[in-house]
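# Residue-level structural notes
The residues making up each chain are set out below.
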Amino acid sequence: MSIFAVILLQIVYKMKKKRPERFDLSLIRDAVEHNADEALGFYFNSDFAVLHGQGVGLFGFFFSRKAPLLINDYRMGLVVKGEVHGRINLIERHIKAGMMAFIGPGSIVEPISVSPDLQIKAVVLFRDLPFSVGRVPALFNGSVRDFRMQVDTEQRALIEQIIESLWLMVHTQPFCREAFDAIVASLMQYYNHLYGLDVERRLSPSHGTDIFNRFIQLVNSHVRQEHKIGYYANRMCLTQRYLGSVVREVSGASAKEWIDRALVTEAKVVLKHSDKSVAQIAEDLHFPSPSFFSKYFRRLTGLTPAEYRQGKE
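These numbers come from a predicted model, not from an experiment.

### Considerations on the pairing of strand S12 (residues 146–150)
- Burial along S12 is one-sided: the residues Phe 147 and Met 149 are buried and none of Asp 146, Arg 148 and Gln 150 is.
- Pairing geometry for strand S9 (residues 99–103) and S12, over 5 bridges, is antiparallel. Bridging across to S12, Met 99 finds its partner in Gln 150.

### Considering the sheet that holds strand S4 (residues 48–54)
- Pairing within the open sheet is antiparallel, and its 6 strands lie in the order S3-S4-S11-S6-S9-S12. The sheet is open, and its two edges are formed by strand S3 (42–44) and S12, each paired on a single side. Direction aside, neighbouring strands of the sheet carry axes that sit 10° apart on average.
- When S3 meets S4, the two strands line up antiparallel, connected through 3 bridges. Among the inter-strand pairings, Phe 44 is bridged to a residue of S4, identified as Ala 49.

### Some words on the packing of helix H7 (residues 207–222) against helix H9 (residues 240–251)
- As a packed pair, H7 and H9 sit with axes 9 Å apart at the nearest point and diverge in direction by 105°. Considering the angle they form, H7 stands roughly perpendicular to H9. Contacts between H7 and H9 involve His 207, Gly 208, Thr 209, Ile 211, Phe 212 and Phe 215 on the former and, on the latter, Tyr 242, Leu 243, Val 246, Val 247, Val 250 and Ser 251.
- The residue makeup of the contact of H7 with H9, split by class, is 8 nonpolar, 4 polar and no charged.

### Side note on the sheet that holds strand S8 (residues 91–96)
- Spatial strand order, S5-S10-S7-S8: 4 strands in an open sheet with antiparallel pairing. Two strands lie at the open edges of the sheet, namely strand S5 (69–71) and S8, each paired on one side alone. Strand after strand, the sheet turns through a mean of 35° between neighbouring axes, direction not considered.
- With 5 bridges connecting them, strand S7 (residues 83–88) and strand S10 (residues 107–114) associate as antiparallel partners. Paired with Gly 86 across the strands is Pro 111, a residue of S10.

### Examining the pattern of salt bridges
- Within the structure shown, the criterion is met by 10 salt bridges.
- Between Asp 47 and Arg 177 there is a salt bridge; the shortest N-O distance is 2.9 Å. Remark: Arg 177 occurs in helix H6 (residues 177–201) and Asp 47 occurs in the loop between S3 and S4; sequence separation between them is 130 residues.
- For Lys 256, the salt bridge identified is with Asp 260, shortest N-O distance 2.7 Å. Taken together, the positions of Lys 256 and Asp 260, both in helix H10 (residues 255–273) and 4 residues apart, correspond to about one turn of that helix.

Cut-offs applied
Residues numbered from 1 in each chain as written. Predicted model: local features only at pLDDT ≥ 70, side-chain atom pairs only at ≥ 80, totals over all residues. Heavy atoms only, no water. Buried < 20%, exposed > 50% of the residue type's maximum accessible area, 1.4 Å probe, protein only. Helix = DSSP H or I, 4+ residues; strand = E, 2+ residues; numbered from the N terminus. Pairing = 2+ DSSP bridges. Axes fitted to C-alpha atoms, helices over the stretch in contact; angles between N-to-C directions. Parallel < 35°, antiparallel > 145°, perpendicular 65-115°, else oblique. Contact = heavy atoms within 4.5 Å. Nonpolar A, V, L, I, M, F, W, Y, C, P; charged D, E, K, R; others polar. Salt bridge = Lys/Arg side-chain N within 4 Å of Asp/Glu carboxyl O.

So, in structure tokens, the structure goes:
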């Protein structure tokens, strides 16, 4: 499901009982305290954060966790230097210098690695978007979970200038929230514009790629309840055999492997970020029994659920 929670935000969620990890200001402060040298390039309050060229130190604080992260906010960023590697909503991504990225609520990010020369500029929105009802740009209306794109020199310069303006504004007193929101809205509109350009370039994707993308979207939405390829084939009005052959041709992996990967990711999130018993998790994920779930998890990860929860990976 989305790496830019870690990549763009440099913010991790704090553990809470019976809840997935969620954004917590005290944990942000912990990260900043552990990386004082980079703290000067990181501004945050309860509504938003602005990252002004953050480096590997702060990101390493989150990447060292090696656990899935649940993202429930809006993040827009630009990699200025270096790269990050991870999975966003099941898809493995390398996000390199000169790439912009967006991650929306409901995404799952799995960090893998970060280059030692990483620098990122970004904006995080913790609360309401600066738009009235019905006027939210398409990229931010919930239909897109994550998006990334290589930008050209002019596009990159404009993104950097907008974030620079936001950075200057939060350090100008008295702070004008209305002007800040207007500039954030401009950045969102520009990201939406870039998203539209990318959609136009991909208006005629191969039939197989289109089927694969639809399949992944369905898996992301329904894998907690539906583990069988037959369900997804029926939803897409395709035969299981045809769907399976297309998914393998496009991705190099079987449809069952994608379903398993999504299901294990969901299980990892709950194991790491809640105190639910293995039996409760097995029931929530619609396994026939706790023992069946444990055997399934161990077959795919090499660890029992208890061993994974204890950090024995």
